[in-house]
Amino acid sequence: MRISTFDTTLRDGTQGESIAFSVDDKLVIAQKLDDLGIDYIEGGWPGSNPKDKEFFARAGELQLQHAKLTAFGSTRFAKNPVHEDRNVQALVAAGTPVVSIFGKTWDLHVKRALGISLDENLVLIAETVKYLIDHGKEVVYDAEHFFDGYHANSDYALRTVEAAANAGAGVLCLCDTNGGTPTSRLAEIVAEVRRRFEGTIGIHTHNDSDVAVANTLAAVEAGATHVQGCMNGYGERCGNANLASVISNLELKLGHTTIGSDKLASLTSVCRFISELANLPLRNDQPFVGRSAFAHKGGVHVSAVLKDSATYEHIKPELVGNRQRVLVSDLSGRGNIMYKLKQHGLADRLDEGARAELLERIKQMEYEGYELEAAEGTFELLVREALHPGTQFFDVESYEVATRATANGPSHSTATVTVKANDGVHSSTANGHGPFHALHVCLRKCLSKLYPQIADVRLTDYKVRVLDSYQGTAAKVRVLIEWSDHKRSWTTVGVSDNVIEASWKALVDAIRLELMRLTEKDTSIEKAVEDYCWGV
Ligand SMILES: [Zn+2]
């Protein structure tokens, strides 16, 4: 069956605690949602704030091919005649083909929040819906707190949606506004509404009980044909139903049509795009579209998915534009390590002994506390060393660093490094802003004559993590250093019970990798490593 999709990322989604979109962001997201094939895009509440008003004023900049832009608001205030109600006038002025309005369903809210009689509330609903229809709008009626209202007084709850239906609302959308309705109860109520009313029944759920997506799907199975939600599950408190998951389930599990299979293949990239504009990382474990949604780590799982991905994947990741990933880990068997190497034709370049050695080395390092999933630079170095054994470029003879500070003055760090390279022993001394900086400058100075090209790389991030904190000061630390050469970035890792030594290891790996890349150009290795560590 065709199920219509209603996205409220730009309205309900922005009520999430960490979400703030500029008007420009909202316009770009609306365009993206249209490209994705969403039917309705709720842009905001023009009567509630200037930003949303500006969004609708600039909506003419949008080139929507498919979606209907929707403005959101409430039924008129009890004291205002509908044609004098500023909120309703703002909805008309927004110039959208569709308006969604919410009205009160729950008798408690009518009496307490609005302070009017139950019959008066029915008049507000009917008059507002009719007024908007008379002004050429398609009306989606959001029955606020429908399920709580139904639970408290089912007769009255049904009368409120009846008022909207009789006034001509195109969609009767039942809202689980507080997000607290159990799935079985919600499905029964939707089925009852379905029996009593013709036309389109919609569902709008919140995730306070962690069942918003399940509730949406259950509502569809009970007869709803219009689903509301937010991309990535953004929204007030615990969020709205995640529309990306709702769409995926309807299309791939329940045999319905929403955006269609072609558009579905761009779902992952749309979710990532929106998360970037929201300045929130897309959750790795987000179903369907997260980086880890099809990532395999356990050795048994990996060897099975390599034979048949259906063994540990509920759908083919490509259907939603995601990808299978195999993680490097001490939990893994040799299947993991060979997986991408094979994919990129590298496996054949390592003989049986070299493969086993590489796997052993990785297992040992992870046991010691290295984290290669997050340090693709170090992993790439390991692969390159396995492919080109004996290529060391230099050996470290010694290094030392001292930091001196006086009571009021700044601290000074001085390092001395001695390395043995092909053309002899090089030694240098340098000052730095801190001990690591001093070592970094020294090592580059030592190697700069022999390898003048290596100066192109910058350090962009430096992170320290204490590994086994129960051992107090004797704990090991893991240092992750991010590097960039303006075109791309990568991370190297060092582990030690001494933070300087851990940093030094990560530094030496980074320099060796640079030299490897300069002398052994092999882009297939970089591609394989990138896929290993980062997937898409
Ligand atoms: Zn809501």
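Residues numbered from 1 in each chain as written. Predicted model: local features only at pLDDT ≥ 70, side-chain atom pairs only at ≥ 80, totals over all residues. Heavy atoms only, no water.

Q: Sorry, what's going on with the side chain of Asp-39 here?
A: Topologically, Asp-39 is positioned in the loop between α1 (23-36) and β2 (40-44). A distance of 2.8 Å separates the side chain of Asp-39 from the backbone nitrogen of Thr-5, its partner in a polar contact. With residues up to four places along the chain from it excluded, the contact list for Asp-39 reads Arg-2, Ile-3, Ser-4, Thr-5, His-66, Ala-67 and Lys-68. (Helix = DSSP H or I, 4+ residues; strand = E, 2+ residues; numbered from the N terminus. Polar contact = N/O pair within 3.5 Å; in protein donor to acceptor, adjacent residues only side chain to side chain. Contact = heavy atoms within 4.5 Å.)

Q: It is not clear to me how the sheet that holds strand β6 (residues 171-176) should be interpreted in this structure. Could you clarify?
A: In a beta sheet, neighbouring strands pair by backbone hydrogen bonds and run either parallel or antiparallel. Pairing within the closed barrel is parallel, and its eight strands lie in the order β1-β2-β3-β4-β5-β6-β7-β8. Strand-to-strand, the axes of this sheet are offset by a mean angle of 25 degrees, without reference to chain direction. Across the sheet, helix α5 (residues 118-134) is in contact with β3 (68-74), β4 (98-104) and β5 (138-144); its angle to β4 comes to roughly 175 degrees. Helix α8 (residues 183-196) rests against β6 and β7 (200-205) of the sheet, and its axis sits at about 155 degrees to β7. (Pairing = 2+ DSSP bridges. Axes fitted to C-alpha atoms, helices over the stretch in contact; angles between N-to-C directions.)

Q: How do you make sense of the coordination of the zinc ion when you look at a structure like this?
A: By definition of the ideal shapes, a tetrahedral metal site with four donors has angles of 109.5 degrees and an octahedral site with six donors has angles of 90 or 180 degrees. All of the protein donors around the zinc ion are Asp-12 (OD), His-204 (NE2) and His-206 (NE2); their distances to the metal are 2.0 to 2.1 Å. Sequence spacing of the donor residues for the zinc ion, all on one chain, is D-x191-H-x1-H. (Donors = N, O, S within 2.8 Å, 3.2 Å for Na, K, Ca; no water.)

Q: Just checking my understanding: could you explain the packing of aromatic side chains for this structure?
A: In this description, an aromatic ring pair is defined by two values, namely the gap between the centres and the angle between the planes. Going through the model one piece at a time under the given rule, you end up with ten aromatic pairs. A ring pair is formed by Phe-72 and Phe-102, whose centres lie 5.4 Å apart and whose planes are at 15 degrees; its orientation type is stacked. Taken together, the residues Phe-72 in strand β3 and Phe-102 in strand β4 connect sequence positions 30 residues apart. Each member of the pair Phe-72 and Phe-102 is classed as buried. Taken together through their ring pairs, the aromatic side chains of Trp-45, Phe-72 and Phe-102 make up a single cluster. In this arrangement the basic side chain of Lys-26 is found over the ring face of Phe-55, its NZ or CZ atom lying 5.4 Å from the centre. Here Lys-32 stacks its cationic end above the ring of Phe-273, 4.6 Å away from the centre of that ring. (Phe/Tyr/Trp six-rings, centres within 6.5 Å; stacked < 30°, edge-to-face > 60°. Buried < 20%, exposed > 50% of the residue type's maximum accessible area, 1.4 Å probe, protein only. Lys NZ or Arg CZ within 6 Å of the ring centre and 35° of its normal.)

Q: Help me understand the packing of helix α17 (residues 435-448) against helix α18 (residues 499-519), please; the structure alone is not making it clear to me.
A: Packed helices, taken two at a time, are described by the angle their axes make and the gap between the axes. Viewed as axis vectors pointing N to C, α17 and α18 meet at an angle of 30 degrees, and their least axial separation amounts to 10 Å. Read as a crossing pair, α17 and α18 show a hand that is right-handed. Contact residues: Pro-435, Phe-436, Leu-439, His-440, Leu-443, Arg-444 and Leu-447 in α17; Ile-500, Ser-503, Trp-504, Leu-507, Val-508, Ile-511 and Glu-514 in α18. Of the residues assigned to the contact of α17 with α18, the class counts are ten nonpolar, two polar and two charged. (Left-handed = near helix turned anticlockwise from the far one by under 90°. Nonpolar A, V, L, I, M, F, W, Y, C, P; charged D, E, K, R; others polar.)

Q: Looking at this structure, how should I read the pattern of salt bridges?
A: Where charged atoms from two side chains of opposite charge approach closely, those side chains can pair. This structure, assessed with the given rule, holds 21 salt bridges. Where Glu-138 meets Lys-68, a salt bridge forms, and the shortest distance between an N and an O atom there is 2.8 Å. With Glu-138 in strand β5 and Lys-68 in strand β3, the pair connects residues that are 70 residues apart, well separated along the chain. Residue class for Glu-138 comes out partly exposed when judged on its relative accessible area of 25%. What makes Lys-68 partly exposed here is its relative accessible area of 33%. Close ionic contact of Lys-130 with Asp-134 constitutes a salt bridge, the shortest N to O distance being 3.0 Å. (Salt bridge = Lys/Arg side-chain N within 4 Å of Asp/Glu carboxyl O.)

Q: What is the right way to read helix α12 (residues 267-278) from this model?
A: The α-helix winds at 3.6 residues per turn, so residues separated by three or four positions along the chain end up facing the same way. Its twelve residues give α12 an end-to-end C-alpha distance of 16 Å, which sits within 8% of 16 Å, the value for a rise of 1.5 Å per residue. Along α12, the positions that sit buried rather than exposed are Leu-267, Thr-268, Val-270, Cys-271, Ile-274, Ser-275 and Ala-278. Angular distribution of buried residues about the axis of α12 spans 165 degrees; they occupy a single face of the element. Where α12 is buried, its residues touch α1, α10 (243-252) and α11 (261-264). Asn-279 occupies a position one or two residues after α12 and carries a positive phi of about 60 degrees. (Expected span 1.5 Å × (residues − 1). Arc of directions from axis to C-beta.)

Q: Before we go on, may I ask you to explain α5 in this structure?
A: Over its 17 residues, α5 extends 25 Å from the first C-alpha to the last, a length consistent with the 24 Å expected when each residue adds 1.5 Å. Every buried residue of α5 is accounted for by Asn-121, Leu-122, Leu-124, Ile-125, Thr-128, Val-129, Tyr-131 and Leu-132. Its buried side turned inward, α5 meets β3, α3 (86-93), β4, α4 (107-114), β5 and α7 (154-166). In the segment just after α5, Gly-136 is the residue with positive phi, at about 80 degrees.

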